[in-house]
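# Report on the structure
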Amino acid sequence: FPVTIREQAKDVVFKGISSKIENSPYFQKLNPKIMTREIVLPGNIHLYCGHSADRAFLGYATIRGVMDEVNYMFDNQNRNVAKQLYEALVGSMVTRFPPKKYPGAYKLVAVSSMTLISTWLNTRITQSAKKGGIYTRRVPMELEVIQDMDTMKLIRLTSLCYIVTGK
């Protein structure tokens, strides 16, 4: 049966975070409540896992967010979902936590492996370099030999870029 985007995000990201929290002595002292769709920490802190098509988070007072693999966020009409989601989340964060009143209150991180130079993330990195106030970083490409066989090598090519909105 096909796995939905929501199920994949929950399986990959949410289970990974849940596992780290369950095995962390620091977090165990906080007595986290790990549920199917959220993790609750003291101080009314809730961790949720969504996906690129999930607009439900726009009603929350989000102060920290991570958008993973933004260069691959397209819908079935080939629209750039990353741009739409990023703008909606940043707009919501700025409205709830105006930077002049709450400097450094929010952070939204967009992460992706690089595909083409024309991707949304690469465009945002270029724009932010001109505008300032947004932290960006490109991590150089690395080649890793995973398995060396007689007739071929299995390799992993890694190139990562990210951008952080908020200070």
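A short tour of the structure in this document, coming up. Owing to the predicted nature of the structure, the values given are computational and were not obtained by experimental measurement. (Residues numbered from 1 in each chain as written. Predicted model: local features only at pLDDT ≥ 70, side-chain atom pairs only at ≥ 80, totals over all residues. Heavy atoms only, no water.)

On a plain count of helices and strands, the chain comes out with four helices and seven strands. Secondary structure elements of the chain occur, N-terminal to C-terminal, as α-α-β-β-β-β-α-β-α-β-β. Buried residues in the chain amount to 30% of all 167 residues. Sequence separation of 24 or more characterises 56% of the internal contacts of the chain that already satisfy a separation of 6 or more. Of the roughly 11500 Å² of accessible surface on the chain, 57% is carried by carbon and sulfur atoms. (Helix = DSSP H or I, 4+ residues; strand = E, 2+ residues; numbered from the N terminus. Buried < 20%, exposed > 50% of the residue type's maximum accessible area, 1.4 Å probe, protein only. Contact = heavy atoms within 4.5 Å. Areas by Shrake-Rupley, 256 points an atom, 1.4 Å probe, with all protein chains shown as cover.)

The next subject is the nonpolar core. Generally speaking, soluble globular proteins have nonpolar side chains that are buried together. Counting 17 residues, the largest nonpolar core has Met67, Val70, Leu108 and Trp120 as its most contacted members. The set of elements that each furnish at least two residues to this core consists of helix H3 (81–96), strand S5 (107–113) and helix H4 (120–131). The element contributing the most residues to this core is H3, with seven residues. With residues near it in sequence (within four places) discarded, methionine 67 still touches Met73, Ala82, Leu85, Tyr86, Leu89, Leu108, Val109, Ala110 and Val111. (Core = buried A, V, L, I, M, F, W, Y, C linked by side-chain atoms within 4.5 Å.)

Moving on, we come to the environment of asparagine 44. Following the sequence through the fold, asparagine 44 ends up in the loop between strand S2 (38–41) and strand S3 (45–48). By relative accessible area, which is 65% here, asparagine 44 ends up exposed. At 3.0 Å, the side chain of asparagine 44 forms a polar contact with the side chain of histidine 46. (Polar contact = N/O pair within 3.5 Å; in protein donor to acceptor, adjacent residues only side chain to side chain.)

Right, let's get into unusual backbone geometry. Both trends apply: most residues other than glycine have a negative phi, and most peptide bonds are in trans. The residue asparagine 31 is not glycine, and still its phi comes out positive at about 55°. Position of asparagine 31 among the secondary structure elements: in the loop between helix H2 (25–29) and strand S1 (33–34). Using a relative accessible area of 58% as the deciding quantity, one classes asparagine 31 as exposed.

Moving on: the packing of aromatic side chains. Evaluated as defined, the whole model comprises three aromatic pairs. When the ring of tyrosine 86 is compared with that of tryptophan 120, the centres are 5.0 Å apart and the planes differ by 65°; the resulting orientation is edge-to-face. Highlighted residues: tyrosine 86 in helix H3 and tryptophan 120 in helix H4, separated in sequence by 34 residues. The exposure classification of tyrosine 86 matches that of tryptophan 120, with both residues buried. (Phe/Tyr/Trp six-rings, centres within 6.5 Å; stacked < 30°, edge-to-face > 60°.)

Function-wise, these values are silent; they only describe arrangement.
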